[in-house]
Structures are given as C-alpha cells and as structure tokens.
Amino acid sequence: LIVTRVEYVKQPAVGEGEEPLRTAIVQAGADLLLRACYNPGHYSHRVEVFDASGIPLDGATRGVCRHNIAGPLCFAGDYVKKGVVLPRLEEGDHVVIRDCGANT
C-alpha cells in the first residue's frame, strides 16, 4: 500500500444543479503508479481516506462528492483515480492506495 498526503484541493466553479468534481493533489502519482496512470481501465487501485489525525473519513462526517486524485507531476495523465466518490477531502488528509506491489 501507499499512504500519501493531500497537498491541495481544487474545486472548479460549477453551475446550478451540477455536481462538483474536486481534484485532490497528492504526493504519489505516475512516478509510483505508472500503470494505473497510463491504463486506468486495466490497472485500478482501491483507495481509502483518513483525516490528518489518521481517523477514517466517512460520508456522515463531511459528506461525499466526486474526486479526481492527481499526482504531483505536471502532465495531463498523472491521475491515480478519476471521478471516484469519496468523503470530502481537505488539505492534510491522507489517501491510502491499496493493491500496490512490484507490478504497479
């Protein structure tokens, strides 16, 4: 598994009635999960989220919304997950990426 910290969360402006798609920038991306970034349909990882204290987040605490989880590299394909429904992430939270190993 990989544990990474949420460095920044971007939320674009949305129109009335549209569901927001937040992008959480984390410290791990294509540099560690190359296959998941280039072929996400075939290589997918389960993710879990925790607050800065290590307490698991759930929808009852913060509500849920769709997120992209993006890595730190500056290219369009550096996404660990796209459109995943998670508890609302904030800076300082932790994302645990499961199913990682020698062939990630």
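Here the residue index of a chain counts from 1 through its sequence in written order. In view of the model being predicted, local features appear only for residues whose pLDDT reaches at least 70, and side-chain atom pairs are presented and counted only at 80 or more, with totals across whole chains, interfaces and linings using the full set of residues. For the side-chain quantities, the full set of heavy atoms in the structure was used; hydrogens and water were omitted.

1. A look at the environment of Ile-69
Turning to step 1, where the next piece is worked out: Examined against the element boundaries, Ile-69 turns out to sit in strand β4 (residues 64-70).
Turning to step 2, where the next piece is worked out: Throughout this description, buried means an accessible area under 20% of the type-specific maximum (1.4 Å probe, protein chains only), exposed means over 50%, and partly exposed covers the range between. Residue classification places Ile-69 among the buried positions, given a relative accessible area of 0%.
Turning to step 3, where the next piece is worked out: When the C-alpha positions of Ile-69 and Val-80 are compared, they lie 5.5 Å apart, and in sequence the two are eleven residues distant.
Turning to step 4, where the next piece is worked out: Throughout, a contact is declared for two residues whenever any of their heavy atoms are within 4.5 Å. Not counting residues within four places of it along the chain, the set of residues in contact with Ile-69 comprises Ala-24, Val-26, Val-47, Tyr-79, Val-80, Lys-81, Val-84, Leu-86 and Val-95. A run of DSSP states H or I qualifies as a helix once it reaches four residues; a run of E qualifies as a strand once it reaches two. Both are numbered from the N-terminal end.

2. Topic: the sheet that holds strand β6 (residues 94-97)
Turning to step 1, where the next piece is worked out: Two strands pair if DSSP finds at least two bridges between them. Overall, mixed pairing links the six strands, which are arranged β3-β6-β1-β2-β4-β5 in an open sheet. Two strands close off the open sheet at either side, each with one partner strand: β3 (47-50) and β5 (79-87). Strand-to-strand twist of the sheet, defined as the mean angle between neighbouring strand axes without regard to direction, takes the value 35 degrees.
Turning to step 2, where the next piece is worked out: Of the pairings in the sheet, the one linking β3 to β6 comprises four bridges and is antiparallel in character. The residue bridging Val-49 from the neighbouring strand is Val-95, located in β6. Between the N-to-C directions of two axes lies an angle of 0 to 180 degrees, each axis being a line fitted to C-alpha atoms and, for a helix, fitted only over the stretch in contact.

3. Quick notes on the pairing of β6
Turning to step 1, where the next piece is worked out: Alignment of strand β1 (residues 2-10) against β6, held across four bridges, turns out to be antiparallel. Bridging from a neighbouring strand, Thr-4 pairs with Val-95 of β6.

4. Examining the nonpolar core
Turning to step 1, where the next piece is worked out: Residues belong to one nonpolar core when they are buried, are Ala, Val, Leu, Ile, Met, Phe, Trp, Tyr or Cys, and are joined through side-chain atoms within 4.5 Å. Core analysis: the largest hydrophobic core is formed by 17 residues, its most contacted members being Ile-69, Leu-86, Leu-89, Val-95 and Ile-97.
Turning to step 2, where the next piece is worked out: Breaking this core down by element, the ones donating at least two residues are β1, β2 (21-26), β3, β5 and β6.
Turning to step 3, where the next piece is worked out: Once residues within four sequence positions are removed from consideration, Val-95 is found in contact with Ile-2, Val-3, Thr-4, Val-6, Val-26, Val-47, Glu-48, Val-49, Ile-69 and Leu-89.

5. As for the pattern of salt bridges
Turning to step 1, where the next piece is worked out: Put simply, a salt bridge is a Lys or Arg side-chain nitrogen that is within 4 Å of an Asp or Glu carboxyl oxygen. Scanning all chains against the criterion turns up six salt bridges.
Turning to step 2, where the next piece is worked out: Close ionic contact of Arg-98 with Glu-48 constitutes a salt bridge, the shortest N to O distance being 3.0 Å. Of this pair, Arg-98 sits in the segment after β6 while Glu-48 sits in strand β3, placing them 50 residues apart in sequence.
Turning to step 3, where the next piece is worked out: With relative accessibility at 32%, the residue Glu-48 sits in the partly exposed group.
Turning to step 4, where the next piece is worked out: Two residues, Arg-62 and Asp-93, come together in a salt bridge whose shortest N-O distance is 2.5 Å.

6. Details of the packing of aromatic side chains
Turning to step 1, where the next piece is worked out: Aromatic pairing here means that ring centres of Phe, Tyr or Trp (its six-membered ring) are within 6.5 Å. Orientation follows from the plane angle: under 30 degrees is stacked, over 60 is edge-to-face, and everything else is tilted. Enumeration according to the criterion identifies zero aromatic pairs in this entry.
Turning to step 2, where the next piece is worked out: Two conditions define a charge located above a ring, namely a distance within 6 Å from the ring centre to NZ of Lys or CZ of Arg, and an angle within 35 degrees of the ring normal. Seen from the ring of Tyr-79, Lys-82 lies directly overhead, with NZ or CZ sitting 4.5 Å from the centre.

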